[in-house]
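# Topology and contacts: notes
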Amino acid sequence: MINFHVDRSSSVPAYAQLVRQVREGLRIGTLRPGDQLPTVRSVVTSCTVNPTTVLKAYRELELSGLVEARQGAGTFVSGTLGHADPHVMARLRSSLARWLGQAREAGLEDEDVQALLASVIVENSARRAQAGGDRTQAEPTPGAGFRRREGAA
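The rules behind these values
Every chain is numbered on its own, with residues counted from 1 as its sequence reads. Confidence filtering applies because this is a predicted model: local features only for residues at pLDDT of at least 70, side-chain atom pairs given and counted only at 80 or more, and all residues used for totals across whole chains, interfaces and linings. Heavy atoms from the whole structure form the basis of all side-chain values; hydrogens and water molecules are not counted. A run of H or I in DSSP becomes a helix once it reaches four residues, and a run of E becomes a strand once it reaches two; helices and strands are each numbered from the N terminus. For every residue, the accessible area obtained with a 1.4 Å probe (protein chains only) is divided by the maximum for its type, and the residue is called buried under 20%, exposed over 50%, and partly exposed between those limits. Think of a salt bridge as a Lys or Arg side-chain nitrogen and an Asp or Glu carboxyl oxygen that are within 4 Å of each other. Put simply, a nonpolar core is a bunch of buried Ala, Val, Leu, Ile, Met, Phe, Trp, Tyr and Cys residues held in one set by side-chain atoms that sit within 4.5 Å of each other. Contact definition: two residues touch when any of their heavy atoms are within 4.5 Å. A helix's residues, less one, multiplied by 1.5 Å, set its expected span. Two N or O atoms form a polar contact when they lie within 3.5 Å of each other; inside protein one atom must be a possible hydrogen donor and the other a possible acceptor, and for residues adjacent in sequence the pair counts only when both atoms belong to side chains. A fitted line through C-alpha atoms serves as each axis, taken over the contacting stretch for helices, and the angle formed by two N-to-C directions is quoted from 0 to 180°. Any angle that falls under 35 degrees is termed roughly parallel, while one over 145 is termed roughly antiparallel, one within 65 to 115 roughly perpendicular, and all others oblique. Whether a crossing is left-handed or right-handed is set by the direction in which the near helix is turned from the far one by less than a right angle, anticlockwise for left-handed and clockwise for right-handed. Under the convention adopted here, Pro, Cys and the residues Ala, Val, Leu, Ile, Met, Phe, Trp and Tyr are nonpolar, Asp, Glu, Lys and Arg are charged, and Gly plus all remaining residues are polar.

## Some thoughts on the overall build of the chain
When its secondary structure is counted, the chain shows 5 helices and 4 strands. Helices and strands appear in the chain in the N-to-C order α-α-α-β-β-α-α-β-β.

Shown next, in the form of structure tokens:
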């Protein structure tokens, strides 16, 4: 079961933080269809938020087809996001944890790590878009790594 947390210092509304945590759980495989979300009462108690906040988050998740409320039983995950192999995700998570340890040793704080990660994502997305736009693709060359091939589809 997911354990929600709300960052009071964040500019992101509490309900949106809860939605994001469910979506992240679905993406990384910690939440799967059939899993039950915590009761509204338990989230209110653990996160010290208003019940309306939790209900708003659960309603948004329900409208997006990710959860379903069952009368008298609770709220259950009904949808999925992402289709990555759980073993691959675990291996990448482990590598990322090691990298984060190195970042901490180098003196980086949470905001530094987030900014660095966001910049790499933006740069990578721009490169992928450019590669798709000019229809240039890398192809393996035996014994020589990769070479650029123009006009590849």
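Next comes the rest of the description.
## Considerations on the side chain of glutamine 17
With respect to the secondary-structure elements, glutamine 17 resides in helix α1 (residues 14-28). Looking at glutamine 17, the relative accessible area reads 2%, which means it is buried.

## Here's the deal with the pattern of salt bridges
Under the counting rule described, the total for this entry stands at 4 salt bridges. The shortest N-O distance in the salt bridge between arginine 59 and glutamate 62 comes to 3.7 Å. Note that arginine 59 and glutamate 62 are positioned in helix α3 (residues 51-63) at a spacing of 3 residues, about one turn of the helix. Its relative accessible area of 30% is what places glutamate 62 among the partly exposed residues.

## Details of the nonpolar core
In terms of nonpolar packing, the biggest core is built from 21 residues, with Phe4, Val22, Leu37, Val43, Tyr58 and Leu61 touching the most fellow members. Listing elements by their share of this core, those giving two or more residues are α1, α2 (40-47) and α3. Among the elements that line this core, the one with the most residues is α1, at 5 residues. If we skip the residues at most four places from it in the chain, leucine 37 touches Met1, Ile2, Val22, Leu31, Tyr58, Leu61, Val67, Thr75 and Val77.

## Examining helix α4 (residues 86-105)
Note on helix geometry: an α-helix contains 3.6 residues per turn, so any two residues three or four positions apart are oriented the same way. Over its 20 residues, α4 extends 29 Å from the first C-alpha to the last, a length consistent with the 28 Å expected when each residue adds 1.5 Å. With a side-chain oxygen positioned 2.7 Å from the backbone nitrogen of histidine 87, the residue opening α4 is aspartate 85. Just past α4, the residue glycine 107 takes up positive phi, approximately 95°.

## Here we look at the packing of α1 against α3
As a packed pair, α1 and α3 sit with axes 8 Å apart at the nearest point and diverge in direction by 45°. As far as their axial angle goes, α3 and α1 are oblique. The hand of the α1/α3 crossing is right-handed. Contacts between α1 and α3 involve Ala14, Tyr15, Leu18, Val19, Val22 and Arg23 from the former and Thr53, Val54, Lys56, Ala57, Glu60 and Leu61 from the latter. Considering only residue class, the contact of α1 with α3 consists of 8 nonpolar, 1 polar and 3 charged.

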